[in-house]
Amino acid sequence: MLSFSPGIRCRFVVALPLVLLVTLSFAVFATADGASQDDGPELPACNNPFKLVKVKIWIDGVEGDDLSGLTASFGASLPEEANKSSKLPAVFSNPLNGCSSSSSKISGSVALSIRGDCDFVTKAKVAESGGAAALLVINDNEELYKMVCSENDTSLNISIPVVMIPKSAGDAINKSMEEKRVEFLLYAPTRPIVDLSVIFLWAMAVGTIVIASFWQEFGTSENPDEHYNELFKESPNAGTGNDDEKEILDISVKGAVVFVITASTFLVLLYFFMSAWFVWLLIVLFCIGGVQGMHNCIMTPITRKCRNCSQKTLNLPLFGEVSVVSFVVALCCLIFAVVWAVERRSSYSWVGQDILGICLMITVLQLARLPNIKVATVLLCCAFVYDIFWVFLSPLIFHESVMIAVARGDNSGGESIPMLLRVPRAFDPWGGYDMIGFGDILFPGLLVAFAFRYDKANKNSIANGYFLWLIIGYGFGLLFTYLGLYLMDGHGQPALLYLVPCTLGVMVILGLVRGELKELWNYSPESRSTMTNLTGEA
């Protein structure tokens, strides 16, 4: 853990966690409230807007956890505030499908029925004729299906609200009603179009890429190897003289293609074999990568500002001679990660997860780089197709979105994958989180970092370079992603669908207009460095 030598750090932080993190950091902008729905036809006679519903529940007078539901396109509207609604007893219809008159007394109560055997309108008419004040339809899965009219219904006059709840909620209600009195209160609070969390998450994503791009400038010493030589007391002349190359993982065209294929294979394995122990393995890997990333982000500026801080060393079994400062920082980082892992289900755990994730991504963007636009085009286009396929097209094969299913953590025993940044919604009545996967930051971040290095090597000004325009493009790409999320009722979005055109597209167009596209396409950092050295010697 404490052996942060260049070779080990590069191989471990980049090769293993990067594959897992980008694979699992589903490139999906998502909302963690399960509010995605299947679309159904809308008829003029029943065109009520679909609204999320809060179902407050009391069991023998004791308030329980709120449930979520979705209104139908027909029926009465629900109040937006809880104090304008009434608490009503819950009664299961008999028969349970609610397709015929109920033998149980449902008058003045919230009737419950299961989905199936007849259409939703029939269930609503039967419940209304029995005197029910509202109808809750229990779905046969966890999705909140949009209940619409049948084709033969040209006019409706249903005066009770009709709401669908997921299967798990129905199972919990059924268990509670066996021996206890259950009461409901239904209302549909207004959801803000834009939450403060969206702005915060946008700033974190853009800020991570900007900091990672500038990190080499303000965070490292003049001699990159000096940092590690001081920490581990290595001889400055040790090795073959190519230490800079050991520090960098240059991505090739072949490597980009193989990476995306590997990511797809791993994603499918996760989809079929997801379990709690597997998620725990990912949590451990995330903590290890986060500790190393945090250690790097802390030690780099310390080593630059305080050259003598790493003079004191101690000998550790297996690790040998280690700087005391490095040991103390690594120990603090380890404690931080362990505390986060233990408290990962608490309301404030997102802070620790975001800190570990940002530090890890900054470190990865220092170690991996794109050599030119040719490799960037292959990598980002493959990721572009990968993202769209596993979010939007995979249901054609697997009958559900593989990416979203893995993101939800189906069959994970309540554990969630940590490879994403998340921020709790401040003003959303349903709470939950807005989130963005690491891949949505790392893939465009590699291109932005390349633009920064290219501008620096060619001494381009801010306006005449590429870095600023790619940052602007990335920011707008995130905004377009949020717009897509809003227009699709919270359905998870493949963010690279918007980010790749707004970054790679911008750079290609600028390069074409400026006549530099060929140079960008075949650019080689080594040749540029050689030319600079020759010019300096001359």
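Residues numbered from 1 in each chain as written. Predicted model: local features only at pLDDT ≥ 70, side-chain atom pairs only at ≥ 80, totals over all residues. Heavy atoms only, no water.

Caption draft 1: Highlighting the environment of Asp65. Checked against the element boundaries, Asp65 lands in the loop between strand E3 (62-63) and strand E4 (67-71). By relative accessible area, Asp65 is classed as exposed at 68%. Separated by ten residues in the primary sequence, Asp65 and Val55 place their C-alpha atoms 8.9 Å from one another. (Helix = DSSP H or I, 4+ residues; strand = E, 2+ residues; numbered from the N terminus. Buried < 20%, exposed > 50% of the residue type's maximum accessible area, 1.4 Å probe, protein only.)

Caption draft 2: Summary view of the packing of helix H14 (residues 439-457) against helix H16 (residues 496-514). Interhelical geometry of H14 versus H16 gives an angle of 5 degrees and a closest axis separation of 10 Å. Between H14 and H16, the angle falls in the class roughly parallel. Note on element contacts: H16 touches H14 through Leu496, Leu499, Thr503, Leu504 and Met507, opposite Gly439, Asp440, Phe443, Pro444, Leu447, Phe450 and Ala451. Per-class residue counts for the contact of H14 with H16 are nine nonpolar, two polar and one charged. (Axes fitted to C-alpha atoms, helices over the stretch in contact; angles between N-to-C directions. Parallel < 35°, antiparallel > 145°, perpendicular 65-115°, else oblique. Contact = heavy atoms within 4.5 Å. Nonpolar A, V, L, I, M, F, W, Y, C, P; charged D, E, K, R; others polar.)

Caption draft 3: Inspection of the pattern of salt bridges at higher detail. On inspection of all chains with the given rule, the structure shows nine salt bridges. Residue Lys54 pairs with Asp66 through a salt bridge whose shortest N-O separation is 3.6 Å. Of this pair, Lys54 sits in strand E2 (residues 52-59) while Asp66 sits in the loop between E3 and E4, and the two are twelve residues apart along the sequence. Relative accessible area serves as the criterion here: at 9%, Lys54 is assigned to the buried category. Salt-bridge contacts for Lys56 lead to Asp66; the nearest nitrogen and oxygen are separated by 3.7 Å. Of this pair, Lys56 sits in strand E2 while Asp66 sits in the loop between E3 and E4, and the two are ten residues apart along the sequence. You can call Lys56 buried: its relative accessible area is 16%. Within this structure, Lys54, Lys56, Glu63 and Asp66 form a network of salt bridges that share partners. (Salt bridge = Lys/Arg side-chain N within 4 Å of Asp/Glu carboxyl O.)

Caption draft 4: Spatial organisation of the state of the cysteines. Counted according to the given criterion, the structure contains one disulfide. Linked covalently through their sulfurs, Cys99 and Cys118 form a disulfide whose S-S length is 2.0 Å. Because the sign of the S-S torsion sets the handedness, a value of about -90 degrees for the bond joining Cys99 and Cys118 places this disulfide among the left-handed ones. Taken together, the positions of Cys99 in the loop between strand E5 (88-92) and strand E6 (110-114) and Cys118 in the loop between E6 and helix H2 (120-129) put the pair 19 residues apart, joining distant regions of the chain. By relative accessible area, Cys99 is classed as partly exposed at 22%. The closest cysteine sulfur to the non-disulfide-bonded Cys297 is located on Cys359, 4.2 Å from its own sulfur. (Disulfide = S-S within 2.5 Å.)

Caption draft 5: Representation of the packing of helix H11 (residues 373-393) against H16. One way to put it is that H11 packs onto H16 with a least axis distance of 9 Å and a crossing angle of 165 degrees. Comparing their axes, H16 and H11 come out roughly antiparallel. Handedness of the crossing formed by H11 with H16: left-handed. Residues Ile373, Ala376, Thr377, Leu380, Cys381, Ala383, Phe384, Asp387, Ile388 and Phe392 of H11 form the contact with H16, whose participating residues are Leu496, Leu497, Val500, Pro501, Leu504 and Met507. When its residues are assigned to classes, the contact of H11 with H16 shows 14 nonpolar, one polar and one charged. (Left-handed = near helix turned anticlockwise from the far one by under 90°.)

Caption draft 6: The arrangement of helix H7 (residues 253-273) in detail. In this model H7 runs 30 Å from its N-terminal to its C-terminal C-alpha over 21 residues, within 8% of the 30 Å that 1.5 Å per residue would give. Residues of H7 that are buried include every one of Ala256, Phe259, Val260, Ala263, Ser264, Phe266, Leu267, Leu270 and Tyr271, and no others. (Expected span 1.5 Å × (residues − 1).)

Caption draft 7: Quick peek at the packing of aromatic side chains. Counted under the stated rule, the structure contains 20 aromatic pairs. Ring centres 5.3 Å apart and planes at 70 degrees place the aromatic pair Phe452 and Phe467 in the edge-to-face group. Remark: Phe467 occurs in helix H15 (residues 467-487) and Phe452 occurs in helix H14; sequence separation between them is 15 residues. The same class applies to Phe452 and to Phe467, which are both buried. Clustering of aromatic rings is evident, with ring pairs tying together Tyr271, Phe272, Phe389, Trp390 and Phe398. Positioned above the aromatic ring of Tyr433 is the side chain of Arg422, whose terminal nitrogen or guanidinium carbon lies 4.5 Å from the ring centre. The lysine or arginine in question, Arg514, covers the ring of Tyr466, its NZ or CZ lying 4.7 Å from the ring centre. (Phe/Tyr/Trp six-rings, centres within 6.5 Å; stacked < 30°, edge-to-face > 60°. Lys NZ or Arg CZ within 6 Å of the ring centre and 35° of its normal.)

Caption draft 8: Layout of the confidence of the model for the protein. Predicted confidence across the protein gives a mean pLDDT of 80, with 80% of residues reaching 70 or more. Here residues 26-44 is modelled with pLDDT under 50, and outside its nearest four sequence neighbours on either side it reaches 72 contacts, counting other chains as well. Taken together, the stretch residues 220-246 has pLDDT below 50 and engages in 50 contacts with residues farther than four places along the chain or on a different chain. (pLDDT = per-residue confidence, 0-100.)

Caption draft 9: The nonpolar core, seen in detail. Leu370, Leu421, Leu447, Phe450, Tyr474 and Met507 are the most contacted members of the largest nonpolar core, which totals 95 residues. Leave out the neighbours within four places in its chain, and Tyr474 touches Ala205, Val206, Ile209, Ile436, Asp440, Ile441, Pro444, Leu499, Cys502 and Thr503. (Core = buried A, V, L, I, M, F, W, Y, C linked by side-chain atoms within 4.5 Å.)

Caption draft 10: Looking closely at the pairing of strand E15 (residues 433-437). Burial runs high along E15: five of the five residues are buried. Inspection of the sheet shows strand E14 (residues 420-424) paired to E15 by five bridges, in the antiparallel sense. Bridging across to E15, Arg422 finds its partner in Met435. (Pairing = 2+ DSSP bridges.)

Caption draft 11: Just H14, in detail. For H14, spanning 19 residues, the distance from its first C-alpha to its last is 27 Å, which sits close to the expected 27 Å at 1.5 Å a residue. Its axis deflected by about 30 degrees at Gly445, H14 carries its strongest bend there. Of the residues trailing H14, Lys459 is marked for its positive phi of about 55 degrees. (Bend = angle between axes of the 7 residues up to and from the residue.)

Caption draft 12: The arrangement of the side chain of Ser197 in detail. Within the secondary structure, Ser197 is located in helix H4 (residues 196-218). Relative accessible area serves as the criterion here: at 2%, Ser197 is assigned to the buried category. Setting aside residues no more than four positions away along its own chain, Ser197 makes contact with Val423, Pro424, Arg425 and Asp434.

Caption draft 13: Broad picture of unusual backbone geometry. Following Asn94, the chain continues to Pro95 via a peptide bond in cis, the omega torsion being 15 degrees. Inspection of the secondary structure puts Pro95 in the loop between E5 and E6. One non-glycine residue, Asp117, lies in positive phi territory at about 75 degrees. In this structure, Asp117 sits in the loop between E6 and H2. According to the relative accessible area criterion, Asp117 is exposed, its value standing at 70%.

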